[in-house]
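Structural characterization, general
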Amino acid sequence: MTSWQDEVRGALDGLAYGARSAITPRVLHGAAVEIGWMTTHLAMYPLGLLGGSGSRAERLSLAGLTPSQRSLLVNDVRAAGTPILLAHGIIDNHTIFALMRRQLMRRGFSSIHTFSYSPLTVDVRRTAERMGAEIEAICEASGSDQIHVVGHSLGGLIARYYIQKLGGHERVHTCVTLGTPHQGTVAARLLPWPLVKQLRPESDLMEELAEPAPGVPTRFVAFYSDVDQLIVPQRRARLRHPDLIARNVRVRGVGHLSLPFHGDTVHEITGVLAHLDDQPQTA
């Protein structure tokens, strides 16, 4: 069978799987919620284009905060001062993190940045190198030795490559991923775009990430949804690697684009980043 026939067959298999999994009540409800968040996000999206690539730090004083909101700044200055880098997904921008940024600030985190890349990006590896340079600049400017990274979809995979393959384990204390195709996604067979090809389960990138990664102390927390429309099957958003310290958190009834807006997920992320000494067990 020729390569183009393989491509077509893979695409048809992906469509068939998606059709079978898209007719359950749970998935339909998740799709309705997804449409609502997508409408809100599309209204905000142009603001992200105007804002450029943006690596911004936000400073929050104690003025006007309730005791619960100021607790992180008062009780754990180190946690509050550890920089956080937010990395969006493919064909998106930093506005996807609008709610999360606000909640992190209200919790008391004082240094929040965004990492952006072009929708024309064609290689995860090169983009991970750019992320590494951005993280070095943030650490130098803030005086911090370490940083947290929160990545949605492809943003989480870029962060993982940086940590595993480019020495990022020395800088990244915690990496949180949301709907990231850690094991690839069958849906990527639908598009021949070079970047999307890297997200296929059998790609060279996935094989590279499956290689041994000894001595990586970075803690990973991977959120995956049971109705994710882009990660097929959904379990492929779990991080399963024998050398990585990871906790996989299942989110029910929340679509792919809705994950950064989901209140319970955002609340759990703020809790994870507020406790620097807690290490999740590999799951």
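Conventions used here
- Residues numbered from 1 in each chain as written.
- Predicted model: local features only at pLDDT ≥ 70, side-chain atom pairs only at ≥ 80, totals over all residues.
- Heavy atoms only, no water.
- Helix = DSSP H or I, 4+ residues; strand = E, 2+ residues; numbered from the N terminus.
- Buried < 20%, exposed > 50% of the residue type's maximum accessible area, 1.4 Å probe, protein only.
- Areas by Shrake-Rupley, 256 points an atom, 1.4 Å probe, with all protein chains shown as cover.
- Salt bridge = Lys/Arg side-chain N within 4 Å of Asp/Glu carboxyl O.
- Axes fitted to C-alpha atoms, helices over the stretch in contact; angles between N-to-C directions.
- Parallel < 35°, antiparallel > 145°, perpendicular 65-115°, else oblique.
- Left-handed = near helix turned anticlockwise from the far one by under 90°.
- Contact = heavy atoms within 4.5 Å.
- Core = buried A, V, L, I, M, F, W, Y, C linked by side-chain atoms within 4.5 Å.
- Pairing = 2+ DSSP bridges.
- Right-handed = clockwise from strand over helix to strand, strands pointing away.
- Expected span 1.5 Å × (residues − 1).
- Phe/Tyr/Trp six-rings, centres within 6.5 Å; stacked < 30°, edge-to-face > 60°.
- Lys NZ or Arg CZ within 6 Å of the ring centre and 35° of its normal.
- pLDDT = per-residue confidence, 0-100.

Glancing now at the overall build of the protein. Each helix and strand counted, the protein has 10 helices and six strands in total. Taken over 283 residues, the protein has a buried fraction of 50%. Surface accessibility of the protein: about 13000 Å² in total, with carbon and sulfur atoms responsible for 58%.

Moving on to the pattern of salt bridges. Taken as a whole and judged by the stated rule, the model has eight salt bridges. Note that Glu211 is salt-bridged to Lys165, the shortest N-O span being 2.8 Å. With Glu211 in the loop between helix 9 (204-209) and strand 5 (219-225) and Lys165 in helix 7 (residues 154-165), the pair connects residues that are 46 residues apart, well separated along the chain. A relative accessible area of 26% places Lys165 in the partly exposed class. Here Arg189 ties to Glu202 by a salt bridge, and the two come within 3.2 Å at their closest N and O atoms.

Bringing the packing of helix 5 (residues 98-107) against helix 10 (residues 263-274) into the picture now. One way to put it is that helix 5 packs onto helix 10 with a least axis distance of 10 Å and a crossing angle of 45°. Looking at the two axes, helix 5 sits oblique to helix 10. Seen from above, helix 5 lies across helix 10 with right-handed handedness. Only Val266, Ile269, Thr270, Gly271, Leu273 and Ala274 of helix 10 make contact with helix 5, whose side of the interface consists of Met100, Gln103, Leu104 and Arg107.

Residues Leu85, Met131, Ile135, Leu154 and Val172 are the most contacted members of the largest nonpolar core, which totals 35 residues. Elements with a minimum of two residues in this core: strand 1 (84-87), helix 6 (124-142), strand 3 (147-152), helix 7, strand 4 (172-178), helix 8 (194-197), helix 9 and strand 5. In terms of residues, this core owes the most to one element, helix 7, which gives seven residues. Non-local contacts of Met131, meaning those with residues more than four positions away in its chain, are made with Leu85, Ala87, Phe115, Gly155, Ile158 and Ala159. If you look at the next biggest cluster of nonpolar residues, it comprises 24 residues, including Phe109, Leu178, Val221 and Val254.

Of the two faces of strand 1, the one lined by Ile84 and Leu86 and the one lined by Leu85 and Ala87 are each fully buried. Strand direction decides the pairing type here: strand 1 and strand 2 (residues 112-115), joined by four bridges, are parallel. Looking across to strand 2, one finds that Leu85 is bridged to His113. Chirality of the crossover, the property in question, places the unit of strand 1, helix 5 and strand 2 among those that are right-handed. As paired strands, strand 1 and strand 3 are joined by four bridges and run parallel to one another. Residue pairing in the sheet places Ile84 in a bridge with His148 of strand 3.

Before going further, it helps to spend a moment on helix 7. Given a rise of 1.5 Å per residue, 12 residues ought to cover 16 Å, and the 16 Å separating the end C-alpha atoms of helix 7 matches this to within 8%. Of all 12 residues in helix 7, 11 are buried; the element is thus mostly enclosed. Taken as a whole, helix 7 has its buried residues at Leu154, Gly155, Gly156, Leu157, Ile158, Ala159, Arg160, Tyr161, Tyr162, Ile163 and Gln164.

To continue, consider the packing of aromatic side chains. In this structure the tally under the stated criterion is one aromatic pair. Between Phe115 and Tyr117, the ring centres sit 6.1 Å apart and the planes meet at 35°, which makes this aromatic pair tilted. On the accessibility criterion, Phe115 (2% relative accessible area) is buried. Geometry around Tyr224 places Arg238 over its ring, the cationic atom sitting 5.8 Å from the centre.

So, about the sheet that holds strand 4. Strand order in the open sheet made by the six strands is 2-1-3-4-5-6, with parallel pairing throughout. Edge positions in the sheet fall to strand 2 and strand 6 (245-251), since each has one partner strand and no second. Averaged over all adjacent pairs, the angle separating strand axes in this sheet is 15°, with direction ignored. When strand 3 meets strand 4, the two strands line up parallel, connected through six bridges. Its bridge partner being in strand 4, Val149 is matched across the sheet by Cys175. Across the sheet, helix 6 is in contact with strand 1, strand 2, strand 3 and strand 4; its angle to strand 2 comes to roughly 155°.

Right, let's get into the confidence of the model for the protein. Per-chain confidence: the protein averages 83 in pLDDT, with 71% of residues scoring 70 or above. Across residues 52-60, where pLDDT falls below 50, the model places 30 contacts with residues more than four positions away in sequence or in other chains.

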